[in-house]
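Structural overview for review
The lines below spell out each chain.
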Amino acid sequence: MIRTLVVDDSALIRAMIAQVLSDDKRFQLVGEAGNGQEAIEAAKSKTPDLIIMDIHMPLMDGIQATKNISSFSSAAIIGFTTDDTMNTVYQCMNAGALDVLKKPELANMTQQALTDFLDKLYLLTTNKRKVSVKSSAGTPLEIPEHGKFSLLVIGASTGGPPAIHTVLKGLCLDSNGNEVPFPLPIVITQHIDKDFDDQFANWLNNATNMPIKLADEGEIPLPGHVYIARACTHLEIIKKGSGFILHQNDDEPLHFLKPSVDKMFYSVAEAAKQSVLAVLLTGMGRDGADGMKRISDNGGWTIAQDGESCVVFGMPKAAIDAGGVKTILPLTDIAHFIRRMVC
């Protein structure tokens, strides 16, 4: 059973979450706390596997409590908030949270919605363990032929927003730390709630010197610009003449996900072949693994984030295990490696 600590300044919310957890045999409620200071003490004494952490609380907020608890506990901390701003999400993840979920209206949730909510908590907790592997398809020192790439694509899931932020910031800097333009279009699929996609794009746009926006149907991706898949729609890249266009695909979810990283990777493997550079970052499950293999088989270059720097080493590990990864790197090395290849 997953030992769970519930932290919220509302006694009513704590009681409702406790009731929901009590109906699922996978979870055991081991404690409650009404503020960040109480959460730290409970985390020490109760040794939970999972902490559901409210963000806005008196005495000490959830972000500071998360940072403190992460220094001594391996518990999966899930931020819980009514905010819809990526700044809150980023701060919470940067403090050590595994993910941030919007507070559902528990009293009005359908049984299926409750099941999905609990399944996500369970999967996030059980997939937290990190596993390091060695690349069997290349090494970080192997640099492909310079200048042959025309497109950079990135896939991510759990822990993805701060990881993507790190990569994009690094792509804007030369080896001396000076801000410089990036020569390729960048297309990103990040698993994200429909309430957060626009906020995510705006947050990234304000955090880098690149123009960043949600992708539009038929849009031509431009060098140095970043295009993000909209929530609930697959984003594909289609060959058109000597360039590419972006296509919104309303197919059924793939791997229960929409947008799916594999959908984007499958399309670009055919559209760009050896001229695509693909990166797979932290995430739960195996979305993107098969697409990475197809890109690699078609001559493109594939990079996976390593296990030590991943929040969840699921998607990158699946791609490595499938034999579709040519280079494995820590998160902080990825941007520098890419710039060496294309600039």
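Residues numbered from 1 in each chain as written. Predicted model: local features only at pLDDT ≥ 70, side-chain atom pairs only at ≥ 80, totals over all residues. Heavy atoms only, no water.

Glancing now at the nonpolar core. Core analysis: the biggest nonpolar cluster contains 49 residues, and Leu152, Leu168, Leu171, Ile186, Leu281, Ile303 and Ile338 have the highest contact counts within it. Beyond its immediate stretch of four places on either side in the chain, Ile303 contacts Leu277, Ala278, Val279, Leu280, Met292, Val325, Thr327, Leu329, Ile334, Phe337, Ile338 and Met341. If you look at the next biggest cluster of nonpolar residues, it comprises 32 residues, including Ala269, Ala271, Leu280 and Phe313. (Core = buried A, V, L, I, M, F, W, Y, C linked by side-chain atoms within 4.5 Å. Buried < 20%, exposed > 50% of the residue type's maximum accessible area, 1.4 Å probe, protein only. Contact = heavy atoms within 4.5 Å.)

Let us look at the sheet that holds strand S3 (residues 50-54). Strands sit in the order S2-S1-S3-S4-S5 across an open sheet of five strands; the sheet is parallel. In this open sheet, the two strands that pair with only one neighbour each are strand S2 (27-33) and strand S5 (99-102). Each strand of the sheet is rotated relative to its neighbour by a mean of 25°, with strand direction disregarded. Strand direction decides the pairing type here: strand S1 (residues 2-7) and S3, joined by four bridges, are parallel. Its bridge partner lying in S3, Val7 is registered against Met53. (Pairing = 2+ DSSP bridges. Helix = DSSP H or I, 4+ residues; strand = E, 2+ residues; numbered from the N terminus. Axes fitted to C-alpha atoms, helices over the stretch in contact; angles between N-to-C directions.)

Moving on: the packing of aromatic side chains. On inspection of all chains with the given rule, the structure shows three aromatic pairs. An aromatic cluster is defined as three or more aromatic residues linked by ring pairs; in this entry it consists of Tyr90, Phe200 and Trp203. Stacked on the ring of Phe72, the Lys or Arg Lys44 has its end atom at 5.6 Å from the ring centre. (Phe/Tyr/Trp six-rings, centres within 6.5 Å; stacked < 30°, edge-to-face > 60°. Lys NZ or Arg CZ within 6 Å of the ring centre and 35° of its normal.)

All right, on to helix H3 (residues 62-70) then. Considered for burial, the residues of H3 that qualify are Gly62, Ile63, Ala65, Thr66 and Ile69. The buried residues of H3 occupy one face: seen down the axis, they fall within an arc of 160°. In this structure Asp61 caps H3, since a side-chain oxygen of it lies 3.2 Å from the backbone nitrogen of Ile63. (Arc of directions from axis to C-beta. Polar contact = N/O pair within 3.5 Å; in protein donor to acceptor, adjacent residues only side chain to side chain.)

Quick look at the pattern of salt bridges now. One pass over the full model with this rule turns up 14 salt bridges. Measuring nitrogen to oxygen at the nearest pair gives 2.8 Å for the salt bridge that ties Asp8 to Lys103. Here the residue Asp8 occupies a position in the loop between S1 and helix H1 (11-22), and Lys103 occupies one in the loop between S5 and helix H5 (111-126), the gap between them amounting to 95 residues. Between Asp250 and Lys258 there is a salt bridge, with its nearest N and O atoms 2.8 Å apart. (Salt bridge = Lys/Arg side-chain N within 4 Å of Asp/Glu carboxyl O.)

Keep in mind that most residues, glycine aside, have a negative phi and that most peptide bonds are trans. Here Lys258 and Pro259 are connected by a cis peptide whose omega angle stands at 15°. Secondary-structure assignment places Pro259 in the loop between strand S11 (243-249) and helix H8 (261-271). For His255, which is not glycine, the phi torsion reads 60° and is therefore positive. With respect to the secondary-structure elements, His255 resides in the loop between S11 and H8. Overall, the relative accessible area of 30% leaves His255 in the partly exposed class. Its identity as a non-glycine residue notwithstanding, Lys273 has a phi of 45°, on the positive side. Following the sequence through the fold, Lys273 ends up in the loop between H8 and strand S12 (276-280).

Look at H3 against helix H4 (residues 86-95): their axes get within 8 Å of each other, and the N-to-C directions meet at 20°. Judged by the inter-axis angle, H3 sits roughly parallel to H4. Note that H3 runs across H4; the crossing there is right-handed. For the pair H3 and H4, the contacting residues are Ile63, Thr66, Lys67 and Ser70 in the first and Gln91, Cys92 and Ala95 in the second. When the residues that make up the contact of H3 with H4 are grouped by side-chain class, the tally is three nonpolar, three polar and one charged. (Parallel < 35°, antiparallel > 145°, perpendicular 65-115°, else oblique. Left-handed = near helix turned anticlockwise from the far one by under 90°. Nonpolar A, V, L, I, M, F, W, Y, C, P; charged D, E, K, R; others polar.)

Any functional reading would require information beyond the geometric quantities listed.
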